[in-house]
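# Results of the structural survey
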Amino acid sequence: MDVQEAIQQLQEMGTAQNRKVYARHGVRENMFGVSYANLNKLAKAARNDHSLALELWTTGNHDARVLATMVADPSGADESLLDEWLADLDSYVITDAFSGFAGKTGMAQVKGEEWIGSNEEWPGRAGWHLIAHLAMKNRDLSDAYFADHLETIEGEIHTRKNRVRDAMNNALIAIGIRNETLEERALAAATRIGKVEVDHGETGCKTPDAADYILRTLERRRQRAAAKASRG
């Protein structure tokens, strides 16, 4: 698949209804409105096609850029590419797709620590998504590492930009479900933080209560573990 073929397929797959939905989530007008089911189908046909990903991104089209994050080869990314793509982010939707790709590279920790200090909305959101990714995926990092981030979340979450607050809340949850020690610390932090206000615009999205989400997630894990043990 070359970039012209990919754009043609994306255009054919787009719908007016999806464009309306995506617009409510802050996506700009340069989009076709392709469902994620169809994006996933295209991604399977071009997995790790890094050259295609680079060309897709340069089109500036939202759907093409989401597809780029799906087919890009994490091993082919360097800091320059991540910083270049970061500068192009213009909605939380593409920011989250980009963060998912950045988390697969070997630079997740370095870039996460760098970007969480940004005063800009999309870099800040991307950075906190990477911290959440590390909490869920990187077993080598110490509890102290995440405890430090909990302190930052508690001290800054109410003063950061809208979509950064949302990502910080998600990072709080991810840290809280990492292990029992961090669960206790995260629950205490969530109690002191209280309600996190996020404007989700004209959507049905809601900001989860971090403490409740942590407790429910861990309870589901315990239930699954108990069911597995009983079967074994």
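Now for a description of the structure that goes with this document.

Calculation criteria
- Residues numbered from 1 in each chain as written.
- Predicted model: local features only at pLDDT ≥ 70, side-chain atom pairs only at ≥ 80, totals over all residues.
- Heavy atoms only, no water.
- Helix = DSSP H or I, 4+ residues; strand = E, 2+ residues; numbered from the N terminus.
- Buried < 20%, exposed > 50% of the residue type's maximum accessible area, 1.4 Å probe, protein only.
- Contact = heavy atoms within 4.5 Å.
- Areas by Shrake-Rupley, 256 points an atom, 1.4 Å probe, with all protein chains shown as cover.
- Lys, Arg positive; Asp, Glu negative; His and termini not counted.
- Charge placed at Lys NZ, Arg CZ, Asp CG, Glu CD.
- Polar contact = N/O pair within 3.5 Å; in protein donor to acceptor, adjacent residues only side chain to side chain.
- Phe/Tyr/Trp six-rings, centres within 6.5 Å; stacked < 30°, edge-to-face > 60°.
- Arc of directions from axis to C-beta.
- 1 Å grid on protein atoms, 1.4 Å probe; cavity = no way out; pocket = protein on both sides within 12 Å on 5 of 7 lines; lining within 4 Å.
- Points joined across faces, edges and corners; volume = space filled by probe spheres on them.
- Nonpolar A, V, L, I, M, F, W, Y, C, P; charged D, E, K, R; others polar.

## Let's talk about the overall build of the protein chain
In terms of regular secondary structure, the protein chain is built from 13 helices and 0 strands. Each helix and strand of the protein chain, ordered N terminal to C terminal, gives the series α-α-α-α-α-α-α-α-α-α-α-α-α. When the 232 residues of the protein chain are sorted by exposure, 49% land in the buried category. Sequence-distant contacts in the protein chain: of pairs separated by 6 or more residues, those separated by 24 or more amount to 68%. Total accessible area computed for the protein chain in this model is approximately 11,800 Å², and 47% of it derives from carbon and sulfur atoms. When the 29 positive and 35 negative side-chain charges of the protein chain are each reduced to one mean point, those points stand 8 Å apart.

## Observations regarding the side chain of His-200
Relative to the helices and strands, His-200 is located in the loop between helix H12 (180-193) and helix H13 (210-231). A relative accessible area of 9% means that His-200 is categorised as buried. Separated by 3.4 Å, the side chains of His-200 and Arg-163 make a polar contact.

## Re the packing of aromatic side chains
A complete count under the given rule lists 5 aromatic pairs for this structure. Judged by centre distance (6.5 Å) and plane angle (75 degrees), the ring pair of Tyr-22 and Tyr-36 falls under edge-to-face. Placement of the pair is Tyr-22 in helix H2 (residues 16-24) and Tyr-36 in helix H3 (residues 36-45), with a sequence separation of 14 residues. On the accessibility criterion, Tyr-22 (13% relative accessible area) is buried. For Tyr-36, a relative accessible area of 36% gives the class partly exposed. Their ring planes at 35 degrees and their centres at 5.6 Å tell us that Phe-98 and Trp-115 sit as a pair that is tilted. Of the two residues, Phe-98 sits in helix H7 (residues 92-102) while Trp-115 sits in helix H8 (residues 108-115), which places them 17 residues apart along the sequence. For Phe-98, a relative accessible area of 0% gives the class buried. A connected cluster of aromatic rings, assembled from ring pairs, spans Trp-57, Trp-85 and Phe-101.

## Considerations on the side chain of Arg-65
Its location among the elements puts Arg-65 in helix H5 (residues 62-71). Reaching out from Arg-65, the side chain makes a polar contact with the backbone oxygen of Trp-57 at a distance of 2.8 Å.

## Digging into H3
Residues Asn-38, Leu-39, Leu-42 and Ala-43 constitute the buried set of H3. Projected down its long axis, H3 shows its buried positions confined to an angular sector of 140 degrees, all on one face. Those residues of H3 that are exposed and aimed more than 90 degrees away from the buried face are Ala-37, Lys-41 and Lys-44. Those residues of H3 that are buried are in contact with helix H1 (3-13) and H5.

## Let's talk about unusual backbone geometry
One can expect most non-glycine residues to show negative phi and most peptide bonds to be in trans. Its identity is not glycine, yet Asn-48 carries a phi of approximately 60 degrees, on the positive side. Relative to the assigned elements, Asn-48 resides in the loop between H3 and helix H4 (50-58).

## Focus on the environment of Met-136
With respect to the element layout, Met-136 can be found in helix H9 (residues 121-137). Residue classification places Met-136 among the partly exposed residues on the basis of a relative accessible area of 47%. With 39 residues separating them along the chain, Met-136 and Ile-175 place their C-alpha atoms 7.5 Å apart.

## A short note on H7
With 9 of 11 residues buried, H7 lies mostly within the body of the structure. Of all the residues in H7, the buried ones are Tyr-92, Val-93, Ile-94, Thr-95, Ala-97, Phe-98, Ser-99, Phe-101 and Ala-102.

## Some remarks on the layout of surface pockets
Taken as a whole, the largest pocket spans an internal volume of roughly 240 Å³. Considering the residues around the largest pocket, the lining is formed by Ser-99, Gly-100, His-129, Ala-132, His-133, Met-136, Lys-137, Asn-170, Ile-173, Ala-174, Ile-177 and Tyr-213. Where the lining of the largest pocket is concerned, the elements lending two or more residues are H7, H9 and helix H11 (162-176). The greatest single-element share of the lining of the largest pocket, amounting to 5 residues, is contributed by H9. Here the lining of the largest pocket is composed, by residue class, of 6 nonpolar, 5 polar and 1 charged. Put simply, the second largest pocket is a space of about 200 Å³. Considering the residues around the second largest pocket, the lining is formed by 15 residues, among which Gly-194, Lys-195, Val-196, Pro-208 and Asp-209 are closest to the centre. Of all the secondary-structure elements, those providing two or more residues to the lining of the second largest pocket are H11, H12 and H13. Here the lining of the second largest pocket takes 3 residues from H12, the largest share from any one element. By residue class, the composition of the lining of the second largest pocket is 8 nonpolar, 4 polar and 3 charged.

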